[in-house]
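Structural description and commentary
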Amino acid sequence: MVGAGPGDPKLITVRGLEAIRRCDVIVYDRLASPRLLKHLKPGAEKIFVGKLPDKHMLKQDEINRLLVDLALQGKVVTRLKGGDPSVFGRVGEEAELLAENGIRFEIIPGITSAIAVPAYAGIPVTHRDFTSSFSIVTGHEYKNKTYNTVNYKNLAGASGTLIFLMGVANLENICSELMKWGKEPDTPVALIRWGTWMEQETITGTLSDIAEKVRDANFQSPAVTIVGKVVQLREKLAWFEKKPLFGKRILVTRARSQASELVEMIDELGGEAIEFPVIRLQPPSSEQAQKERDAALSRLPEFDWVIFTSVNGVEFFFRRLKELKIDIRSLSKARIAAVGPKTAEALEERGLICEALPSKFQAEGLLESIQSKLLPGQQVLLPKADIARDYLPKRLKELGLQVTELNIYENVISAENGAEIVDLLEQRALHIVTFTSSSTVRNLLLALQMSGAEQPLRLLQGCEIACIGQVTAQTAREAGLNVKYIAEEATIRSLVNSLIQQK
């Protein structure tokens, strides 16, 4: 029984994440971030039992029974709940039936939305100048409960912060009861909707007018209601909504092995990164390509230059050297060149120092930076992807060098979870699509088609397009996309900077 936290997937506990990773089946609701599901092991079953304000996928007693049935099948089950499972999460009801059926269970606490959501809105629930206490109250009461109703008389007389969960529909009654029992009408109130999520929205007022403001704004659940003087701090302390990419859901199309840097930067700047790796990288698949690769690697002492055009090329190159047990000292004669700082960094980690880096991190800039050092007749090894541009080998040959093109890895299309991306695009829930190579452009369009989209270009019309460089941007334009953001340098940091500067 795992508390997923209030929404931001990074707010889950380490123990909670472990439970997700080891389970055979996960039973989850709508307040648990779906991005946590990417941590499931292959083959794990996913069961959604979310509840909407006007619709229940499953009734609570049906959920209780489902957990028992799954456990009795011998499966490791993770019940993932938004916030903390013990704070209005009905974990007690679910755990009781498990105990009655002799099923071992564990309750893993989560960060409750009662304190996390106000914090993300710039409202600490306690403050030395205002209050040293707070109360957490349900805003939506269980009709057939056996305990007393909410004691508004006591709440109104309390000096601490009042936090109501799930109370949007009942807001007018809550405010009325508090004022009825003596709470001042001008007491500050804030409602935070989808707190810690990209859609976070905050509305403020007082007990006397907040219900009308919420009604006029059509402010819907799920929301947390904060009543008390600490609400005044929001104007000064609001931080999350001020992040430069706040409110932007951004599609990352890079291969999963490469995506982490871009995903981390988007998240750090307040956006929400959605991973859809349309590329899968793998060693050459054909026997002929494998023979040609290994033959070229066996001739390393012959080469005057080895030129790397990507971090991937470096990774696959050295992986194969290790598999073949070829000593790195075979490169002692060769001068090393790299297309950009990340590629150079990957080489330096292996003890190889590159020639001066190009000012433009693409093939044209690379050639320009080393051309004065190239001599006709020199042997050049060019480890690359099977679909790499032919500009560099063609120009090197024109300069009189002997070029061995080495297809060190293959770029294969991937469309995993494509149906989910099509749904997001149809709902206009994606705001920016990022491309980090020409192949990501071509593969995304193909992956969308493979996932059921008849007109992928039309689906993407509502999205802003961001490209890592002019070559990728040109490919996107030729495909029919309207490019808005182009990185000044062909780096991930420059790509993200372009999003911020033109926001």
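Structural notes, computed from the coordinates. Remember, predicted model here, so these are calculated numbers, not experimental data.

1. Quick notes on the overall build of the protein
Scanning the protein from N- to C-terminus turns up 19 helices and 21 strands. Along the three orthogonal principal directions, the C-alpha set of the protein runs to about 95 × 50 × 45 Å. Burial statistics for the protein: of 503 residues in total, 52% are counted as buried. A fraction of 68% describes how many contacts in the protein between residues 6 or more apart in sequence connect residues 24 or more apart. Working note: accessible area of the protein is about 24,600 Å², and carbon and sulfur atoms make up 48% of it. Across the protein, the mean location of the 63 positive side-chain charges is 1 Å away from that of the 62 negative side-chain charges.

2. Notes on the sheet that holds strand β12 (residues 249-252)
Strands pair in a sheet through their backbones, by hydrogen bonds, and they do so in one of two ways: parallel or antiparallel. The five strands lie next to each other as β13-β12-β19-β20-β21, forming an open sheet whose pairing is parallel. Of all strands in the sheet, those bounded by a partner on one side alone are β13 (272-275) and β21 (483-486). In this sheet, adjacent strand axes meet at a mean angle of 30° when their direction is disregarded. As defined by bridge partners, strand β19 (residues 432-435) adjoins strand β20 (residues 464-467) across four bridges and the pair is classed as parallel. Across the sheet, the residue bridging to Phe435 is Cys467, located in β20. Along the sheet face, helix α9 (residues 260-268) touches β12, β13 and β19 and points at about 155° away from the line of β13.

3. Section: unusual backbone geometry
Geometrically, the link from Ser221 to Pro222 is a cis peptide bond, its omega value of 0° lying close to zero. Turning to its location among the elements, Pro222 is positioned in the loop between α7 (210-216) and β11 (223-227). If you check the backbone angles, Arg428 has positive phi at about 55° while not being a glycine. Using a relative accessible area of 46% as the deciding quantity, one classes Arg428 as partly exposed.

4. Structural notes on the sheet that holds strand β17 (residues 379-385)
With respect to topology, five strands assemble into an open sheet ordered β14-β18-β17-β15-β16, the strand pairing being mixed. Two strands bound the open sheet, and with one partner strand each, they are β14 (279-282) and β16 (335-338). Taking the axes of each pair of neighbouring strands and ignoring which way they run, one obtains an average angle of 25° across the sheet. Along the sheet, helix α14 (residues 391-398) makes contact with β15 (305-308), β17 and β18 (402-413), crossing β18 at roughly 175°. Its contacts with the sheet place helix α16 (residues 438-450) against β14 and β18, and it is angled at close to 30° to β18.

5. Structural notes on the nonpolar core
In this structure, Phe317, Phe318, Leu347, Leu444 and Leu448 are the most contacted members of the largest nonpolar core, which totals 54 residues. If we skip the residues at most four places from it in the chain, Phe317 touches Leu297, Leu300, Phe308, Leu331, Leu381, Pro383, Leu406 and Ile408. One finds Ala156, Phe164, Leu171 and Ala211 within the second-largest nonpolar core, a separate group that totals 22 residues.

6. Brief notes about the pattern of salt bridges
Going through the model one piece at a time under the given rule, you end up with 30 salt bridges. Note that Lys373 is salt-bridged to Glu355, the shortest N-O span being 3.0 Å. Here Lys373, found in the loop between α13 (363-370) and β17, pairs with Glu355, found in the loop between α12 (341-348) and α13; they are 18 residues apart in sequence, far enough to count as distant. With its nearest N and O atoms 3.7 Å apart, the salt bridge here joins Glu405 to Lys384. Note that Glu405 is positioned in strand β18 and Lys384 in strand β17, a separation of 21 residues in sequence. Note on Lys384: relative accessible area 8%, which makes it buried. Shared partners join several salt bridges into a network, and the residues in it are Arg293, Asp294, Arg320 and Glu323.

7. A closer look at the environment of Ala255
Note on placement: Ala255 falls in the loop between β12 and α9. Taking the C-alpha atoms as reference points, Ala255 and Lys373, separated by 118 residues in sequence, lie 34 Å from one another. Ignoring any residue separated from it by four or fewer positions in sequence, one finds Ala255 in contact with Pro277, Ile279 and Leu281.

8. Quick look at the side chain of Glu94
The topology assignment puts Glu94 in helix α3 (residues 91-100). Its relative accessible area of 0% is what places Glu94 among the buried residues. In terms of polar contacts, Glu94 uses its side chain to reach the side chain of Arg79, at 3.3 Å. Leaving out residues up to four positions away in the same chain, Glu94 has contacts with Met1, Gln60, Ile63, Asn64, Leu67, Arg79 and Lys81.

9. A word on the environment of Ser414
Within the secondary structure, Ser414 is located in the loop between β18 and α15 (418-426). For Ser414, a relative accessible area of 13% corresponds to the buried category. On a C-alpha basis, the gap between Ser414 and Pro283 in space is 15 Å, while along the polypeptide they are 131 residues apart. Contacts of Ser414, omitting those with residues within four sequence positions, involve Pro277, Val278, Ile279, Arg280 and Ala447. Within the structure, the side chain of Ser414 is placed 3.4 Å from the backbone oxygen of Pro277, a separation counted as a polar contact.

10. Looking at the packing of aromatic side chains
On inspection of all chains with the given rule, the structure shows 10 aromatic pairs. Taking 5.0 Å as the distance between ring centres and 70° as the angle between the ring planes, the aromatic pair formed by Trp194 and Trp197 counts as edge-to-face. The residues Trp194 and Trp197 share a single accessibility class, namely buried. Pairing Phe317 with Phe318 gives two aromatic rings, centres 5.1 Å apart and planes at 75°, and the pair type is edge-to-face. On the basis of relative accessibility, which here comes to 0%, the residue Phe317 falls in the buried class. Classification of Phe318 by relative accessible area gives buried; the value is 12%.

Procedures and definitions
Residues numbered from 1 in each chain as written. Predicted model: local features only at pLDDT ≥ 70, side-chain atom pairs only at ≥ 80, totals over all residues. Heavy atoms only, no water. Helix = DSSP H or I, 4+ residues; strand = E, 2+ residues; numbered from the N terminus. Buried < 20%, exposed > 50% of the residue type's maximum accessible area, 1.4 Å probe, protein only. Contact = heavy atoms within 4.5 Å. Areas by Shrake-Rupley, 256 points an atom, 1.4 Å probe, with all protein chains shown as cover. Lys, Arg positive; Asp, Glu negative; His and termini not counted. Charge placed at Lys NZ, Arg CZ, Asp CG, Glu CD. Pairing = 2+ DSSP bridges. Axes fitted to C-alpha atoms, helices over the stretch in contact; angles between N-to-C directions. Core = buried A, V, L, I, M, F, W, Y, C linked by side-chain atoms within 4.5 Å. Salt bridge = Lys/Arg side-chain N within 4 Å of Asp/Glu carboxyl O. Polar contact = N/O pair within 3.5 Å; in protein donor to acceptor, adjacent residues only side chain to side chain. Phe/Tyr/Trp six-rings, centres within 6.5 Å; stacked < 30°, edge-to-face > 60°.

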